[in-house]
Amino acid sequence: MNREGKRFLADRNLGSLARWLRLLGFDTMYPDILDDGELLKMAKREGRTLLTRDRNLASRNPAATYLVNAGNLEEQLQEVVRVFQLSEKAKPLSRCSLCNHPVKPVMKEKVKEVVPQKVLDFQENYWQCSGCGKVYWQGSHWERMKEKLRQVLGPAKDTP
């Protein structure tokens, strides 16, 4: 298996893992495809490693899939980070957790129509997804997310 590739494809059983890999900055697709054959074709076509908990699916192409053994999200995330040696390659909070596109800093004036006024009153820094347009800011959840990412990556990797 090519563990150097850092592009992933998560099957229907790993949606939460896909979201957190995106939050770590890894290109992780989570398509609305239920057919195993189509998932394998997509992984091959796009040069992605298919992450799955389905032993049968993983056995169909062991070179292009990784069978996630852990049952809960935190352990799954730690397992994938460890197996693929992702800690040093992570770019936390650089991808949209919803659609996987990169997020980029954006001026406050550009988002004032979509951000609640109370947020505008207290926040100066914003990021916007280049795909779906979702706007991110350092709200109350920010520190909890950063702490979870630090637990997975270790203290050396800082986030914005």
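Check the entry above for the structure.
A quick note: this is a predicted structure, and the numbers were derived from the prediction, not measured. (Residues numbered from 1 in each chain as written. Predicted model: local features only at pLDDT ≥ 70, side-chain atom pairs only at ≥ 80, totals over all residues. Heavy atoms only, no water.)

## A look at the environment of Trp 127
Here is step 1 of the chain: In this structure, Trp 127 sits in strand β6 (residues 126-129).
Here is step 2 of the chain: Looking at Trp 127, the relative accessible area reads 15%, which means it is buried.
Here is step 3 of the chain: A C-alpha to C-alpha distance of 12 Å links Trp 127 and Glu 109, two positions 18 residues apart in sequence. (Helix = DSSP H or I, 4+ residues; strand = E, 2+ residues; numbered from the N terminus. Buried < 20%, exposed > 50% of the residue type's maximum accessible area, 1.4 Å probe, protein only.)

## What to know about the sheet that holds β6
Here is step 1 of the chain: If you walk across this open sheet you meet the three strands as β5-β6-β7, and the pairing is antiparallel. With one partner strand each, in any of the chains shown, β5 (103-106) and β7 (135-137) form the two edges of the open sheet. Taking each pair of neighbouring strands and ignoring which way they run, the sheet shows an average axis angle of 35°.
Here is step 2 of the chain: Where β6 meets β7, three bridges bridge the pair, whose relative direction is antiparallel. Within β7, the position partnered with Trp 127 by the bridge is Tyr 136. (Pairing = 2+ DSSP bridges. Axes fitted to C-alpha atoms, helices over the stretch in contact; angles between N-to-C directions.)

## Here we look at helix α1 (residues 15-23)
Here is step 1 of the chain: Leu 17, Ala 18, Trp 20, Leu 21, Arg 22 and Leu 23 are the residues of α1 that are buried.
Here is step 2 of the chain: Buried residues along α1 sit in contact with β1 (8-10), β2 (28-29), β3 (49-52), α4 (73-83) and α7 (142-153). (Contact = heavy atoms within 4.5 Å.)

## Details of the packing of aromatic side chains
Here is step 1 of the chain: Summed over all chains, the structure comprises four aromatic pairs.
Here is step 2 of the chain: Taking the centre distance of 5.1 Å and the plane angle of 80° together, the rings of Phe 8 and Phe 84 count as edge-to-face. With Phe 8 in strand β1 and Phe 84 in the loop between α4 and β5, this pair connects stretches of sequence that are 76 residues apart. Neither Phe 8 nor Phe 84 differs from the other in exposure class; each is buried.
Here is step 3 of the chain: Plain terms: the ring middles of Trp 127 and Trp 142 are 5.5 Å apart, the flat faces sit at 15° to each other, and that makes the pair stacked. Of this pair, Trp 127 sits in strand β6 while Trp 142 sits in helix α7, placing them 15 residues apart in sequence. Pair check on accessibility: Trp 127 and Trp 142 agree, each one buried.
Here is step 4 of the chain: Of the aromatic side chains, those joined through ring pairs into one cluster are Phe 8, Tyr 66 and Phe 84.
Here is step 5 of the chain: Sitting above the plane of the Tyr 136 ring, Lys 134 keeps its charged end 5.1 Å from the centroid.
Here is step 6 of the chain: Positioned above the aromatic ring of Trp 20, the side-chain terminus of Lys 148 is 4.8 Å from the ring centre. (Phe/Tyr/Trp six-rings, centres within 6.5 Å; stacked < 30°, edge-to-face > 60°. Lys NZ or Arg CZ within 6 Å of the ring centre and 35° of its normal.)

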